[in-house]
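Structure at a glance
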Amino acid sequence: MKKQFAETSRSSAVAENITEDIIIDILSRLPAKSLMRFKCVSKRWRSLISDQRFAKLHLQMLSLETVAPSQKIIKSNPLQIIDYEALDDDEVNDHVVVESHDLGRDEPQGLVGSCHGLVSLAVYGGFLVYNPTTRESRKLPASNLVATYECFHGFGYMSTTDDYKLVHGAFFTADDGSEECVLEIFSLRYGSWRRVPSEDVPLLDGVGIYLNGAVHWIMDHGSGYRTEQAIIPFGLATETFEVAIPIPKVEGVLFEGVGIHEGRLLIYDFTSISFEAWVMNEYGKKESWTRLFSIPIDGFPDHKFYVIPIAYTRSGKIVFQIDVSEMILVNPKDGTYKNYPIEEHDNVESAIYMETLVSPYIGHEQ
Amino acid sequence: MRYLALPLLSQNLTESTARAQTLSLYLQLSLQVSLSQRNESTMSSSSSSLPSCPKKVVTLKSSEGETFEIEEIAALQSKTLENMIDENCADTPIPLPNIKGKILAKVVEYCNKHAEVGVDAESLRAWDAEFVNVENTTVFDYILAANFLEIPTLLDLTCQSVADMIKGKTPAEIEKTFNIKSAFTPEEEEQVRRENQWAFE
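Computed from a predicted model, the values in this text were never measured in an experiment.

Residue and element names in this part refer to chain A. Residues of chain A with pLDDT of at least 70 account for 92%, and the chain-wide mean is 87. The lowest-confidence element of chain A is helix H1 (residues 10-17), averaging 60 in pLDDT; the highest-confidence one is strand S13 (residues 209-211), averaging 95. Every residue in residues 1-9 scores below 50 in pLDDT, and together they form 20 contacts with partners more than four places removed in sequence or on other chains.

This is the structure we're talking about:
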């Protein structure tokens, strides 16, 4: 829709009558990137755009939108941002698609969660919460919990206190040989770690996926043909593990991981022949699990360990991370793919995030 | 004659303003649904059970004194007018000294269109797109009118239209559009630009 940008002398008189609540309404509909630029317009606009109450309004507008919010992928080792939609466009050059970010001494080793545009990263000695859009980063104080190999993490939002929480759990083998779990939670608003009671914690692994006030992991019961799988939610409000959500038993498939797709939990598996993804259309309802897609994997790059779905473009293509080094954009219609020009120094971990103005300093505004 | 007083705004974005804003945004969207339902039920009840009565009409007077008639059904899209109708203040022409005739005519046209029954969503969307396909100054006039008359759907349409128009602009272009005199000194502006330089790439 082309608009004439008419600059008549009337425009100044009209624009003057535009009250601040109207300006706020208009600004709340803009992409975060535009808003970051418009901080230069005036001191008033800068103050408005930096205000966390505006950030919250903007976030709420994003969730109401009929068009998908602007999203990108963040990856570690080294820290880079990938404009994954851009690769779908044929005439694009590398620097547009991948952008390197520098956090100085805090080079992230891994990703531990993504929620509302905030990404939680594991760094040497602890954790960091980062907003790649505003580039604000907050190093969290070290926890007492020593990271072991048997760790699980999650990061998510709690609406009752308007807070973000980082969950950090580790399993230890006690002297008597039993598996013990220690669970700690960091609240961004309160700024400290708390140990929470943790009996009978299921043996979880890896990064949980945030949705609807809880962080979710996939878990197996039993073994071989009798393996039962379920999704275990950890409620951020109750700070306990809640009722497991059963996963369908699909012939020849043992689901490897959890993801998220358009606000629904997604589970996936890759066999030697195909990649399967299922989504839960109605949260908590076992019957609502539906196959999202199943694509042949024979054309994919060689992989030893993982094939992880990260994002879906507007045109229906899928971004996969292959093992810990490659990222590809696959066209499910014909199985062809393109490589993202990412750098990899070590184990790459990646996650999708929304472009928002939310500050990691929530409650501790600088 | 009573007018619905618009809340006076302070320069500070208060908690209640932000909440009210979010609330009004949610209301706008839910109102869109409930209004069309309400209009449908009102229309059907008046034609089936009651004897035919003349459709009530409200008269609006622009800043230049020109009068415009609008059916009560269509006028209900405006919270301001709805309140006046409910309080029986709408029997004589309502003066709207802030709104020019040219704009008021279009606002009436918008309300009439959105009060129509049996228009499918797709064609209404296309009609709306054409409605805001005008000069920026006119869109701003629509915003002011929609704000004063409290027509949430029109406010939503016009604010979205402005947002779409400005999102790719540079700060200098924004200053022109909104007639803002930047209070930054050149050094301050340079600092803000540096802090947010990646937003310019």
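We are not done yet, so read on.
Evaluation of the coordinates by the stated rule reveals 21 salt bridges over all chains. A salt bridge links Arg 291 of chain A to Glu 276 of chain A; its shortest N-O distance comes to 3.2 Å. Here Arg 291 of chain A is found in strand S21 (residues 289-296), whereas its partner Glu 276 of chain A is found in strand S20 (residues 274-280), with 15 residues between them in sequence. What makes Arg 291 of chain A partly exposed here is its relative accessible area of 43%. Residue class for Glu 276 of chain A comes out buried when judged on its relative accessible area of 6%. The salt bridge partner of Glu 122 of chain B is Arg 125 of chain B, with a shortest N-O separation of 3.1 Å. Of this pair, Glu 122 of chain B and Arg 125 of chain B both sit in helix H5 (residues 121-131), separated by three residues, roughly a single helical turn. Arg 125 of chain B carries the same exposure label as Glu 122 of chain B, and that label is exposed. By sharing partners, the salt bridges in this structure join Asp 25 and Arg 29 of chain A together with Asp 156 of chain B into a single network.

As a further point, take the UniProt feature "domain: SKP1 component POZ" (unreviewed entry) in chain B. Taking the UniProt record as the reference, the feature "domain: SKP1 component POZ" (unreviewed entry) is found at residues 56-115 of chain B. Between the C-alpha atoms that bound residues 56-115 of chain B the distance is 14 Å, and the span itself is 45% helix and 20% strand.

Residue and element names in this part refer to chain B. Taken in spatial order, the three strands line up as S2-S1-S3 in an open sheet, and their pairing is mixed. The sheet terminates laterally at strand S2 (67-71) and strand S3 (94-95), the two strands that pair on one side only. Of the pairings in the sheet, the one linking strand S1 (residues 57-61) to S3 comprises two bridges and is parallel in character. Pairing of Lys 61 across the sheet is with Pro 95, part of S3.

With that settled, the discussion passes to the packing of helix H4 (residues 101-115) of chain B against helix H6 (residues 136-149) of chain B. Residue and element names in this part refer to chain B. Look at H4 against H6: their axes get within 10 Å of each other, and the N-to-C directions meet at 65°. Accordingly, the angle class assigned to the pair H4 and H6 is roughly perpendicular. Crossing angle aside, the handedness with which H4 passes H6 is right-handed. From H4, Ile 103, Lys 106 and Val 107 reach across to H6, where they touch Thr 138, Asp 141, Tyr 142, Ala 145 and Leu 149.

Residue and element names in this part refer to chain A. Among the nine residues that make up strand S10 (residues 179-187), seven are buried, leaving the element largely enclosed by the rest of the structure. In this sheet, S10 lies alongside strand S9 (residues 163-173) in antiparallel orientation, the contact comprising nine bridges. Paired with Leu 166 across the strands is Phe 186, a residue of S10. From the end of S9 to the start of S10, which pair antiparallel, there are five residues, and Gly 177 there has a positive phi angle of about 90°. Relative to strand S11 (residues 192-196), S10 is paired through five bridges, and the arrangement is antiparallel. Its bridge partner lying in S11, Ser 187 is registered against Ser 192. Between S10 and S11, which pair antiparallel one after the other, the connecting turn spans four residues, and Gly 191 there sits at a positive phi close to 75°.

Taken in spatial order, the five strands of this open sheet run S11-S10-S9-S8-S12 (chain A), and their pairing is mixed. Across the chains shown, the open sheet's two edge strands, defined by having one partner strand only, are S11 and strand S12 (206-207) of chain A.

Glancing now at the pairing of strand S19 (residues 264-270) of chain A. It is a general feature of regular strands that their side chains alternate between the two faces of the sheet. Residue and element names in this part refer to chain A. Among the seven residues that make up S19, seven are buried, leaving the element largely enclosed by the rest of the structure. Here strand S18 (residues 257-261) runs beside S19; their pairing, made up of five bridges, is antiparallel. Opposite Val 258, over in S19, you have Ile 267 as the bridge partner. Remark: two residues form the turn of the hairpin made by S18 and S19, two consecutive strands paired antiparallel; Glu 262 in that turn has positive phi of roughly 50°.

Rules used throughout
Residue numbers here run from 1 along each chain, matching the order of that chain's written sequence. For naming, the first written chain is A and the first written ligand is 1, with later ones following in the order written. Only residues with pLDDT of at least 70 get local features here, since the model is predicted, and only at 80 or more are side-chain atom pairs given and counted; chain-wide, interface and lining totals rely on the full set of residues. Excluded from the side-chain calculation are hydrogens and water; included are all heavy atoms of the structure. pLDDT measures how confident the predictor is about each residue, on a scale from 0 to 100. By the criteria applied, helices consist of DSSP H or I runs no shorter than four residues and strands consist of E runs no shorter than two, each listed in order from the N terminus. Residue contacts are defined here by distance: any two heavy atoms, one from each residue, within 4.5 Å place the two residues in contact. Any Lys or Arg side-chain nitrogen found within 4 Å of a carboxyl oxygen on Asp or Glu counts as a salt bridge. Accessibility here uses a 1.4 Å probe with only protein chains present; expressed as a share of the type maximum, an area under 20% marks a residue as buried, one over 50% as exposed, and anything in between as partly exposed. UniProt positions are given in the numbering used here, feature names are shortened, and annotations may be inferred rather than shown by experiment. Any two strands with at least two DSSP-identified bridges between them are counted as paired. Only C-alpha atoms enter the line fits that serve as axes; for helices the fit covers just the stretch in contact. Angles between N-to-C directions range over 0 to 180 degrees. An angle below 35 degrees is read as roughly parallel, one above 145 as roughly antiparallel, one from 65 to 115 as roughly perpendicular, and any other as oblique. Helix crossings fall into two classes, left-handed where the near helix is turned counterclockwise from the far one by less than a right angle and right-handed where it is turned clockwise.

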